[in-house]
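Geometric and topological summary
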Amino acid sequence: MIVRKNYLELIIPFVDTEPIKVMTGVRRSGKSIMLELIQNYLKAKGVKEEQFIIINFEELIVEPYLEYHALNDYIEKKIAQTNLKTYIFLDEIQEVNHFEKVINSLRATYKSRVDIYITGSNAKLLSGELSTLISGRYVQFEIYPFKFLEYVEGRRSIGDNRSENDLFQSYLVEGGMPFPVFQNIQYRDRLNYLSDVYNSIILKDIIERENIRDPELLRRLLNFVLGNVGRTFSANSITKYLKNVGLKVSPTTILNYLGFATDAYAIIPLKRYDVQGKKFLASQEKYYVVDHGLRQAIIGRNEEDLELVLENIVLLELMARGYEVSVGKTNQYEIDFIAERKTETKIDRKYIQVSYLLASPETREREFRPLKEIADNYDKMVLTLDPFTSDVDGIAHVNLIQWLLDDNY
């Protein structure tokens, strides 16, 4: 098991504190692994396993507890069996209707006698009644598939001793969904697994949850998004594209479906930020996929669309490192990413361009020119697969693979 340090370091300070710990993210991204890591941490501190209540709501054996009264009764009986503090781990909690009533009741009834951890696969987990009932009493952590560094650690743990460059070529097409990383299985079987995960997201977290009336339209729409990660498009342009393939749909429906896919963490929208005007722009969002391996499994072409996939990898890395990310605009130029996170003492901001190789003067001009237009003193870098690093007029030119392997960049 890979110790996901960047997430664990965020969660540990809240262990044994009142707030409910909520972990959200796309299905199979490693939320269950995080619950196990927290349990291992507690055991190392001397907590006994009998103090744990662990329920995974995707397991058929717990089907009787999908009714919230039954779930509450079961947990209360388990709490009553010990005089020690109880640690409650509820995995994929959204499967329980009105689960928020159970969570709030346990919190209010037992207070410091319980420590509660829940996971879910939808961003709406904290909307509506739950956020009202536990407002100010929870902390949320978004869990993403494996970063490249975690992918390397996972492959090394099962004896894969290929070079980091060779592993990156595999990561480009396989992505970072945890399960296949630890399996010595054929490439075809990896893609079959990823295809099954994708279909599960589509069916359970979008079609069934949102009562989608036209599943074929949803699949066509998401195929378009997967094929165009990192490209600017609008609801109107998608409407025209779908009309050309015989599907009549309104821009409003397109926006609704994109919203449902975003809530299920299948896709990631990025707003555009005007650096000079210091404001977000109202149109022309870009969309990325939560794991580029899913893109390979559904439409292929990751190696052909290398520039787009490299952008997607950099975005996921930045988000896993805790940055809020947007697309930048400066004068007539576009900046691939503006990444920002706040610390107690400062704002950490980076302007980033992503390119396959800087093989020509024209390419170098295209990538460096937008960054030169920015007047502030925050970090600016161009990430490429060029084997060397350098510095050009205060702009770092960094090897992408080394950047992915070094969290300190």
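Residues numbered from 1 in each chain as written. Predicted model: local features only at pLDDT ≥ 70, side-chain atom pairs only at ≥ 80, totals over all residues. Heavy atoms only, no water.

As for the overall build of the protein chain
The following threshold applies: Per the convention used, a helix needs a DSSP run of H or I reaching at least four residues, while a strand needs a run of E reaching at least two, with both numbered from the N terminus. When a residue's accessible area, from a 1.4 Å probe over protein chains only, is under 20% of the maximum for its type it is buried; when over 50% it is exposed; and in between it is partly exposed. Counted as positive: Lys and Arg. Counted as negative: Asp and Glu, with His and the chain ends omitted from the count. A charged residue contributes its charge at one atom only: NZ of Lys, CZ of Arg, CG of Asp or CD of Glu.
Regarding its fold elements, the protein chain presents 16 helices and 15 strands. Dimensions along the principal axes, computed over C-alpha positions, put the protein chain at roughly 70 × 50 × 50 Å. Counting across all 409 residues of the protein chain, residues that qualify as buried make up 53%. Within the protein chain, one finds 52 positive and 59 negative side-chain charges whose respective centroids are separated by 3 Å.

Points about the packing of helix 7 (residues 164-174) against helix 14 (residues 306-320)
Put simply, the test is: Working convention: axes come from line fits to C-alpha atoms, limited for helices to the stretch in contact. Angles between N-to-C directions cover 0 to 180 degrees. Angle categories are assigned with fixed cut-offs, so that under 35 degrees is roughly parallel, over 145 is roughly antiparallel, 65 to 115 is roughly perpendicular, and the rest are oblique. Two residues qualify as a contact provided that any one of their heavy atoms is within 4.5 Å of a heavy atom in the partner residue. We call Asp, Glu, Lys and Arg charged. Ala, Val, Leu, Ile, Met, Phe, Trp, Tyr, Cys and Pro are nonpolar, and the rest, Gly among them, are polar.
Relative to each other, helix 7 and helix 14 sit at 95°, their axes nearing to 11 Å. Looking at the two axes, helix 7 sits roughly perpendicular to helix 14. Packed against helix 7, whose contacting residues are F168, Y171 and L172, the element helix 14 presents L306, V309, L310 and I313 at the interface. Taken together, the residues of the contact of helix 7 with helix 14 break down into 7 nonpolar, no polar and no charged.

Quick notes on the sheet that holds strand 13 (residues 379-384)
As a reminder of what qualifies: By definition, two strands form a pair when at least two bridges between them are found by DSSP.
The strand order across the open sheet built from 8 strands is 8-7-10-11-12-13-15-14, with neighbouring strands paired in mixed fashion. A single partner strand is all that each edge strand has here, and the edge strands are strand 8 (279-280) and strand 14 (390-392). Here strand 12 (residues 347-354) pairs with strand 13 via 5 bridges, running parallel. For Y351, the partnering residue across the bridge sits in strand 13 and is K380.

Brief notes about unusual backbone geometry
Phi is positive for N211, which is not a glycine, with a value near 55°. Along the polypeptide, N211 turns up in the loop between helix 9 (187-210) and helix 10 (215-227). By relative accessible area, which is 62% here, N211 ends up exposed. Even without being a glycine, N331 presents a positive backbone phi close to 55°.

Quick notes on the nonpolar core
To be explicit about the condition: Among the buried residues, those of types Ala, Val, Leu, Ile, Met, Phe, Trp, Tyr and Cys that are joined through side-chain atoms within 4.5 Å form a nonpolar core.
By size, the foremost hydrophobic cluster in this structure holds 99 residues, and its most contacted members are F148, F168, F337 and W403. Examining the composition of this core, we find that 11 residues originate from one element, helix 14, more than from any other. Not counting chain neighbours up to four residues away, the residues in contact with W403 comprise V314, E317, L318, R321, I352, M381, L383, V398 and Y409. Formed by 24 residues, the second largest nonpolar core is a distinct cluster that contains Y68, I75, F99 and V102.

Some points on the layout of surface pockets
Put simply, the test is: Cavity and pocket criteria rest on a 1 Å grid covering protein atoms alone: a 1.4 Å probe that fits but cannot get out defines a cavity, protein on both sides within 12 Å along at least 5 of 7 lines defines an open pocket, and an atom within 4 Å of a point defines a lining residue. Grid points are joined across faces, edges and corners, and a volume is the space filled by probe spheres set on the points.
If you add up the space inside the largest pocket, you get close to 740 Å³. If you go around the largest pocket, you meet 24 residues; those closest to its centre are L10, M319, A320, R321 and G322. The set of elements that each furnish at least two residues to the lining of the largest pocket consists of helix 1 (5-11), strand 5 (138-142), helix 6 (148-157) and helix 14. It is helix 1 that provides the largest number of residues to the lining of the largest pocket, a total of 5 residues. The class makeup of the residues in the lining of the largest pocket is 10 nonpolar, 3 polar and 11 charged. In this structure, the second largest pocket occupies an estimated 500 Å³ of space. What lines the second largest pocket is a set of 20 residues, and nearest its centre among them are Y273, F280, E324, S326 and E340. Those elements that place two or more of their residues in the lining of the second largest pocket are strand 6 (267-270), strand 10 (324-330), strand 11 (333-342) and strand 12. A per-element tally of the lining of the second largest pocket places strand 11 first, with 4 residues.

What about empty space enclosed by the protein?
Overall, the coordinates contain 3 cavities of 30 Å³ or more when judged by the stated rule. A volume near 60 Å³ is recorded for the largest cavity. Looking at which element gives the most residues to the lining of the largest cavity, the answer is helix 14, with 3 residues. The residue makeup of the lining of the largest cavity, split by class, is 7 nonpolar, no polar and 3 charged.

Some points on the sheet that holds strand 4 (residues 114-120)
Strand order in this open sheet of 5 strands is 2-3-4-1-5, and the pairing throughout is parallel. Only two strands of the sheet have a single neighbouring strand rather than two, namely strand 2 (52-56) and strand 5. Sheet twist, expressed as the average angle between the axes of neighbouring strands with direction ignored, equals 15°. Sheet analysis places strand 2 next to strand 3 (residues 86-91), joined by 5 bridges and oriented parallel. Considered in strand 3, the bridge of F52 is made with Y87.

Notes on the side chain of S200
Relative to the helices and strands, S200 resides in helix 9. The contact partners of S200, leaving out residues within four places of it in the chain, are R27 and D205.

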